[in-house]
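Coordinate analysis (summary)
As a plain string of letters, each chain reads:
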Amino acid sequence: MGSFIQLKNFEALLPYANMFKEGLITTVLLAFFTVLLGFVLGLVLSVMRMSNIRPFLWLAHAFPGTFGFFERDKKSGLLRDSGFLYHLGRFNPLAFLATAYVEIIRSTPVLVQVMVIYFGVFSQLFELPSFKIFGFIAFNRFFPGVVALAMNSGAYLCEIIRSGLQSVEGGQTEAARSLGLSQLQNMRFIILPQAIKNILPAIANEFVTIIKESAITYTIGVQDIMAMVQAIKSASYIIMEPLLVATALYFCLCFPLSKLIAYIERRMSRGDRR
Amino acid sequence: MATGDKLIQVRDLKKYYNRGSIKALDGITVDIDRGDVMVVIGPSGSGKSTFLRSLNLLEQPTGGSIFFDGVDITKPKFPDKDGKLVKVDIDHHRQKMGMVFQHFNLFPHMTIMDNMTLAPIQVKHMNKAEAEEKALTLLDRVGLKDRAGAYPIQLSGGQKQRIAIVRALMMEPEVMLFDEPTSALDPEMVGEVLEVMKELAQEGMTMVVVTHEMGFAREVGNRVLFMADGKLLEEGTPVDIFEHPKHPRLQDFLSKVL
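For the structure given in this document, a descriptive report is provided here. (Residues numbered from 1 in each chain as written. Chains lettered and ligands numbered in written order. Predicted model: local features only at pLDDT ≥ 70, side-chain atom pairs only at ≥ 80, totals over all residues. Heavy atoms only, no water.)

Next up on the list: helix α6 (residues 110-125) of chain A. Considered for burial, the residues of α6 of chain A that qualify are V110, Q113, V114, I117, Y118 and F122 of chain A. On its buried face, α6 of chain A sits against α5 (93-106), α7 (139-167) and α9 (183-213) of chain A. (Buried < 20%, exposed > 50% of the residue type's maximum accessible area, 1.4 Å probe, protein only. Helix = DSSP H or I, 4+ residues; strand = E, 2+ residues; numbered from the N terminus. Contact = heavy atoms within 4.5 Å.)

Structure (structure tokens):
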């Protein structure tokens with residue numbers, strides 16, 4: 001056996017350069033749309049988790065003493081913090097749904113999620129049109145890939161966004177509201193700018209993770225970098241070198257991105273330093 | 001100098017936690033007149049901060065009423081002059097109640113200038129140039145004109161608190177609420193903040209001040225409230241309270257702090 005990695009093998013890959021290019025574009029687009037959709041989903045989920053909607057609270061107040069669970073304290077005349085109706089009254093269905101979703105996604109492998117979405121939802125329930133974006137990205141595979149990855153990263157982003165919003169001191173909201181700013185203005189001018197700064201490293205990390213995890217969508221036939229590697233391997237019988245090219249491509253995507261975000265982070269922390 | 005013109009009327013204000021097991025405010029009734037400088041004193045945990053924070057509904061009271069300019073702001077709706085029920089807009093009332101916090105609560109991601117002009121521009125729709133001119137005038141008054149472009153982290157505690165005061169003044173409030181404004185300051189910076197508050201009082205601003213600075217209460221206040229265990233135990237002029245305290249709790253408290 002000759003040396004493990006050979007220059008002539010790289011040269012033999014040159015005819016496949018176009019495939020790498022298409023794979024690269026597919027991966028970038030896949031990650032981009034996943035990030036967009038995932039962020040929106042994460043925002044919605046975090047708002048649901050932090051909401052304070054308790055549709056059954058009136059029941060608890062309307063029927064004190066029902067079932068013998070929820071009674072008035074004889075001494076103070078106030079309702080007790082216990083019993084079935086009390087817990088029903090505190091129940092927040094939106095927060096429950098969001099929490100359940102987050103926990104399910106976080107406790108199952110992304111490969112399973114991608115397969116369930118592609119074979120379960122988009123092959124059985126919805127028929128997607130089979131056209132090609134730019135002439136090489138098959139929409140009926142690309143779209144389920146984006147949806148599955150976004151559903152996955154939305155759950156993680158939800159937790160990141162929630163912790164970011166909660167990391168801003170309560171005094172900030174109090175100061176803003178005492179100046180007459182509405183809840184929405186407080187969110188927009190005071191909380192979000194500070195929260196985004198706090199969570200940017202974590203979000204950047206998640207975005208880089210998405211680029212890397214998107215490789216898994218080759219299992220449902222998305223023609224990304226990884227799928228191209230597989231195709232080139234079987235066409236040329238060269239195994240190691242295409243993988244090295246893929247490694248370089250992924251590195252060239254992720255490394256500058258994390259550096260760029262580190263730079264933005266430094267710029268945004270101006271107010272923290274003397 | 002009280003004019004007898006009632007600005008804030010507090011009636012039987014209650015704030016309970018844990019469904020009544022903790023009574024932070026247990027039935028407070030008091031009137032605050034225009035021009036009053038009302039100083040609230042009492043041991044820690046007496047409910048004085050809760051009382052102050054309830055005045056602009058940063059704490060939602062459990063019971064009772066707060067009439068601000070004749071409108072009960074604790075209720076979702078209130079009849080106007082013609083007896084028609086209109087929604088109580090708490091954001092609107094909060095604009096007229098400036099608040100200064102123990103920990104300043106300046107916005108760390110904004111310059112001093114932006115801290116001051118944000119609310120006037122966004123809430124009062126003042127134009128930017130006008131707001132900045134007004135901010136510079138106020139900054140000049142507290143001797144911090146040259147710090148307009150600085151970020152809060154670059155300022156000392158005393159400077160931050162002076163900025164917090166003028167930030168609240170930007171909205172031209174009818175009353176200023178001070179929640180232990182000097183408690184988080186190094187001793188040498190307390191004086192500069194009290195000086196600004198004193199000037200404000202002399203200009204006739206209505207003020208409610210929760211503080212441990214008995215010197216300020218005595219010198220600047222025209223009314224002093226003594227609170228303990230969520231109750232208003234004694235009320236009077238500084239002379240009444242400090243020279244002739246009646247309630248044993250007040251006598252005990254003063255013997256410890258004076």
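From this point, things continue past the structure.
This brings us to the state of the cysteines. Residues and elements named next belong to chain A. Considering all chains together, one arrives at zero disulfides over all chains under this definition. Not engaged in a disulfide, the cysteine C254 finds its nearest cysteine sulfur in C252; these two sulfurs lie 9.7 Å apart. Note on C254: relative accessible area 8%, which makes it buried. (Disulfide = S-S within 2.5 Å.)

Okay, the sheet that holds strand β12 (residues 231-236) of chain B next. All names here are of chain B. Strand order in this open sheet of six strands is β8-β9-β10-β3-β11-β12, and the pairing throughout is mixed. Two strands lie at the open edges of the sheet, namely β8 (97-100) and β12, each paired on one side alone. Within this sheet the neighbouring strands show an average axis-to-axis angle of 20°, counted without direction. Sheet topology note: the β8/strand β9 (residues 175-179) ladder contains four bridges and is parallel. Within β9, the residue paired with V100 across the bridge is F178. On the sheet, helix α5 (residues 157-169) packs against β8 and β9 and is oriented at approximately 170° with respect to β8. (Pairing = 2+ DSSP bridges. Axes fitted to C-alpha atoms, helices over the stretch in contact; angles between N-to-C directions.)

Residues and elements named next belong to chain B. Within the chain, N105 stands out as a residue other than glycine whose phi angle is a positive 55°. Assignment of secondary structure puts N105 in the loop between β8 and α3 (112-122). In this structure N105 comes out as buried when scored by relative accessible area, which is 7%. Even without being glycine, E180 reaches a positive phi, approximately 45°. Of note, E180 is situated in the loop between β9 and α6 (187-202). Classification of E180 by relative accessible area gives buried; the value is 12%.

Looking now at the environment of V102 of chain A. Residue and element names in this part refer to chain A. Within the secondary structure, V102 sits in helix α5. For V102, a relative accessible area of 0% corresponds to the buried category. Note: C-alpha distance between V102 and G42 (60 residues apart in sequence) is 9.6 Å. Not counting residues up to four positions away in its chain, the partners in contact with V102 are L45, R49, A155, C158 and E159.

This next bit is on the nonpolar core. In terms of nonpolar packing, the biggest core is built from 69 residues, with I190 of chain A together with I8, F51 and L55 of chain B touching the most fellow members. With near-sequence residues (within four places) excluded, F51 of chain B lies in contact with V10, L13, L25, I28, V30, V40, L225 and M227 of chain B. (Core = buried A, V, L, I, M, F, W, Y, C linked by side-chain atoms within 4.5 Å.)

This part covers α3 of chain B. With eight of eleven residues buried, α3 of chain B lies mostly within the body of the structure. Three or more residues of α3 of chain B are buried, namely I112, M113, N115, M116, T117, L118, A119 and P120 of chain B. On its buried side, α3 of chain B packs onto α9 of chain A together with α4 (128-141) and α5 of chain B.

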